[in-house]
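Residues per chain, in single letters:
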Amino acid sequence: MTSARDPHSFAKPDEVVVTHLHLDVTVNFETKQIAGTATLTLNNKSGSDKFFLDTRDLTIERVILGKGEPETHYSLGDAVSYLGQALTIDITPQTKDVTIVYHTNPNAAALQWLEPSQTAGGKKPFLFTQSQAILARTWVPCQDGPGVRMTYSARVKTRPDLMAVMSANNPTTKTADGVYEFSMPQPIPSYLLALAVGDLAFKSTGTRSGVYAEPSMVDKAAWELDDTEKMIKAAESLYGPYRWDRYDVIVLPPSFPFGGMENPRLTFATPTILAGDRSLVSLVAHELAHSWSGNLVTNATWNDFWLNEGFTVYFEHRIMEQVYGRTYAEMLAQLSMQDLQTAINDLGSTSPDTHLKLNLAGRDPDEGVSDIAYNKGYFFLRLMEETIGREPWDSFLKAYFEAFAFQATTTEIFVQYLREHLLHGDKDLEQTIKIDSWVYGPGLPENAPKVHSEEFAKVETQLNSWENGAPAATLATKDWTTHHWLHFIRNLPVNLSLQQMADLDRAFGFTKSGNSEILGAWFPHVIVHSYQQGYAALEKFLTGVGRRKFLKPLYTKLAETPDGLERARRIYRKARPGYHPVSYSTIDGILKWQEE
Ligand code: BES
Ligand code: ZN
């Protein structure tokens, strides 16, 4: 086991570690509060008489030792912006359980309380949590670092017309009294604690998979995610059994700030994956892959974030290859390479933030993590696959997931394990791979794998003829998928005339696309070229969708000119109340927004 010091937690799990959490809470939509008790079961390894927890914006009412009786002394430390406050509790070496009576603040950063108007149904409110990276502490007092694991159980009471679901075993129908009981018998880190409450329905997509969504969306969601069971089978055939029993997906309202979040047993997903043609399901492959890389074998601190995300992108692409073929997977790989190059350009090719191993001490991990972890991580693992051969690499990876199951690992532990179990002191392999320059060095090492997508070559041919004057309507685009279009749009020349923009739009209908990825790629061109016909759709997108990955680049682009900044601020004033704290804290920074 590791005890790498976590720079983002006040907890001291080397002394006293939480092994189980029991939550007994009421979800109150009137006051926008979660209130009740968190009972923590302790393993006091050092016979300590103090116990440290993470909290942020929580109101602690009292703290009790054991399950019922004596109140104990506690204190809250000074607030440190994004880290919150240490909660220090007096215990004895014999204390087995500590019960904290508390409630959350209406502005808790993990929580988004939606008005009925922000849901598909329009009639009932909705609540969902987002705990990663260090937001669990805003709704549960806990040891909020990824290096600590606990099992959990919960009793959640809410309105009887709503259903509650968690990253645990879940109901499939509403109860009469609005009370739900949960248990998660596999130990998980706090960033995987999750809860959603709303007017939910369930539909099965396989023997151990299904979808939750608002009633009006559940059929569409089940259709879109029909291949989930195939993906689970593919994943298992690659890297060993699925260890979490069920795999369900909840499709949330559009303000969900991420594409997906790998909450165990229940991936949280944006409704923007429902493109109507199953073209965005690699997101499910990604979140499913986290059931191994991340949820089973977990980064010990956020500095090792690439162990979660880089492994997951690699695994995602392998699942996609197995289910949909190499041609499809190579398009994804080439898009990954573009994303990586953009990230390196944005950060600067010598920036320490382009190392796989990060140093996020003193920074909010939520702002510090970038595409580097995802795609440089992916290409590093792909380099090993290509250098060593797929078969030995796959057995190694499978053994790695087995060896570290339900544990945290650091970059150093992984590298050591790699050297011991795969490289076996082979100097040539070391020379070829250059582990240290990938892990501890900047930019993209020159031995990076080359990706060549035949499909994208076809796209480039069409793009060339368009640039040479062929009207958009005459291009050979008949069987193009979302990914072909993404490659096309991303590689449009930087300078376009308004006639050219209109020609593209007339032929291909980008502005009126219902596909969020296409819109996300197209709108930067709309902004840069002041393409008036695109503004209404841009505004609708920015006010309707809260996914940070789309919002951040669009607001950033808008903010580059005085006119754009004015437009951005006007839109943001309307849109901000509909965003999750994760998204509005990022956009506040970009627009230098002071709360009004
Ligand atoms: N775990 C991440 C989301 C995350 C990362 C939340 C860091 C908070 C802090 C999730 O698995 C993810 O990577 N989501 C991506 C989807 C993708 C790469 C297919 C997203 O939301 O865009
Ligand atoms: Zn991920």
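Structure's up top.
(A) Region of interest: the overall build of the chain. When helices and strands are counted, the chain shows 19 helices and 20 strands. Relative to the 2.2 N^0.38 estimate, which gives 25 Å for 596 residues, the radius of gyration of the chain is 24 Å and therefore close to what a compact globule would have. Reported as C-alpha extents along the three principal axes, the dimensions of the chain are approximately 80 × 65 × 50 Å. Burial analysis of the chain (596 residues in total) assigns 61% to the buried set. In the chain, the share of contacts with a sequence separation of at least 24, taken over all contacts with a separation of at least 6, comes to 71%. For the chain, the exposed surface amounts to about 22900 Å²; the carbon and sulfur share of it is 51%. Separation between the mean location of the 56 positive side-chain charges and that of the 71 negative ones in the chain comes to 3 Å.

(B) A look at the site of ligand 1. Residues in contact with ligand 1 amount to 15 residues; listed here are only the nearest, Gln-132, Gly-259, Glu-262, Glu-287 and Tyr-374. Interatomic distance of 2.8 Å between a side-chain N/O atom of Glu-287 and an oxygen atom of ligand 1. Between ligand 1 and Tyr-374, the relevant distance is 2.7 Å, taken from an oxygen atom to a side-chain nitrogen or oxygen of the residue. Compared with its free state, where it exposes 520 Å², ligand 1 has 88% of that area covered by protein. Classifying every residue of the shell around ligand 1 gives four nonpolar, six polar and five charged.

(C) Spatial organisation of the layout of surface pockets. Here the second largest pocket defines a volume of roughly 670 Å³. Every residue lining the second largest pocket is counted, 28 residues in all, and those nearest its centre are Asn-107, Arg-576, Tyr-579, Pro-581 and Tyr-584. Elements represented by at least two residues in the lining of the second largest pocket include exactly strand 8 (111-114), helix 6 (365-368) and helix 19 (581-591).

(D) Representation of the coordination of the zinc ion (ligand 2) within the structure. The coordination sphere of the zinc ion (ligand 2) contains the protein donors His-286 (NE2), His-290 (NE2), Glu-309 (OE) and Glu-309 (OE), at a distance range of 1.9 to 2.8 Å. Around the zinc ion (ligand 2) sit six donor atoms; with metal-centred angles ranging over 52 to 160°, the donor geometry is irregular.

(E) Local environment of the packing of aromatic side chains. Evaluated as defined, the whole model comprises 48 aromatic pairs. Residues Tyr-400 and Tyr-417 carry aromatic rings whose centres are separated by 5.7 Å and whose planes lie at 50° to one another, so their mutual orientation is tilted. Of this pair, Tyr-400 sits in helix 8 (residues 390-403) while Tyr-417 sits in helix 9 (residues 411-423), and the two are 17 residues apart along the sequence. The same class applies to Tyr-400 as to Tyr-417, namely buried. Ring geometry for Phe-508 against Phe-510: centres 5.7 Å apart, planes inclined by 40°, an arrangement best described as tilted.

(F) Highlighting the sheet that holds strand 5 (residues 74-76). The three strands lie next to each other as 3-6-5, forming an open sheet whose pairing is antiparallel. Each edge of the open sheet is held by one strand with a lone partner, namely strand 3 (50-55) and strand 5. Each strand axis lies, on average, 20° off the axis of its neighbour in the sheet, ignoring direction. Strand direction decides the pairing type here: strand 5 and strand 6 (residues 85-90), joined by three bridges, are antiparallel. The residue bridging Leu-76 from the neighbouring strand is Leu-87, located in strand 6.

(G) Just helix 18 (residues 562-575), in detail. For helix 18, spanning 14 residues, the distance from its first C-alpha to its last is 20 Å, which sits close to the expected 20 Å at 1.5 Å a residue. Listing the buried residues of helix 18 in full gives Gly-564, Ala-568, Ile-571, Tyr-572 and Ala-575. Around the axis of helix 18, the buried residues are gathered within 105° of arc, so they sit on the same side. Of the residues in helix 18, the exposed ones pointing more than 90 degrees away from the buried face are Pro-562, Asp-563, Glu-566 and Lys-574. Elements in contact with the buried residues of helix 18: helix 16 (535-544), helix 17 (548-558) and helix 19.

Cut-offs and rules
- Residues numbered from 1 in each chain as written.
- Chains lettered and ligands numbered in written order.
- Predicted model: local features only at pLDDT ≥ 70, side-chain atom pairs only at ≥ 80, totals over all residues.
- Heavy atoms only, no water.
- Helix = DSSP H or I, 4+ residues; strand = E, 2+ residues; numbered from the N terminus.
- Rg over C-alpha atoms; globule rule 2.2 N^0.38 Å.
- Buried < 20%, exposed > 50% of the residue type's maximum accessible area, 1.4 Å probe, protein only.
- Contact = heavy atoms within 4.5 Å.
- Areas by Shrake-Rupley, 256 points an atom, 1.4 Å probe, with all protein chains shown as cover.
- Lys, Arg positive; Asp, Glu negative; His and termini not counted.
- Charge placed at Lys NZ, Arg CZ, Asp CG, Glu CD.
- Near = heavy atom within 4 Å.
- Polar contact = N/O pair within 3.5 Å; in protein donor to acceptor, adjacent residues only side chain to side chain.
- Nonpolar A, V, L, I, M, F, W, Y, C, P; charged D, E, K, R; others polar.
- 1 Å grid on protein atoms, 1.4 Å probe; cavity = no way out; pocket = protein on both sides within 12 Å on 5 of 7 lines; lining within 4 Å.
- Points joined across faces, edges and corners; volume = space filled by probe spheres on them.
- Donors = N, O, S within 2.8 Å, 3.2 Å for Na, K, Ca; no water.
- Tetrahedral: all angles 85-135°; square planar, octahedral: opposite > 155°, others 65-115°.
- Phe/Tyr/Trp six-rings, centres within 6.5 Å; stacked < 30°, edge-to-face > 60°.
- Pairing = 2+ DSSP bridges.
- Axes fitted to C-alpha atoms, helices over the stretch in contact; angles between N-to-C directions.
- Expected span 1.5 Å × (residues − 1).
- Arc of directions from axis to C-beta.

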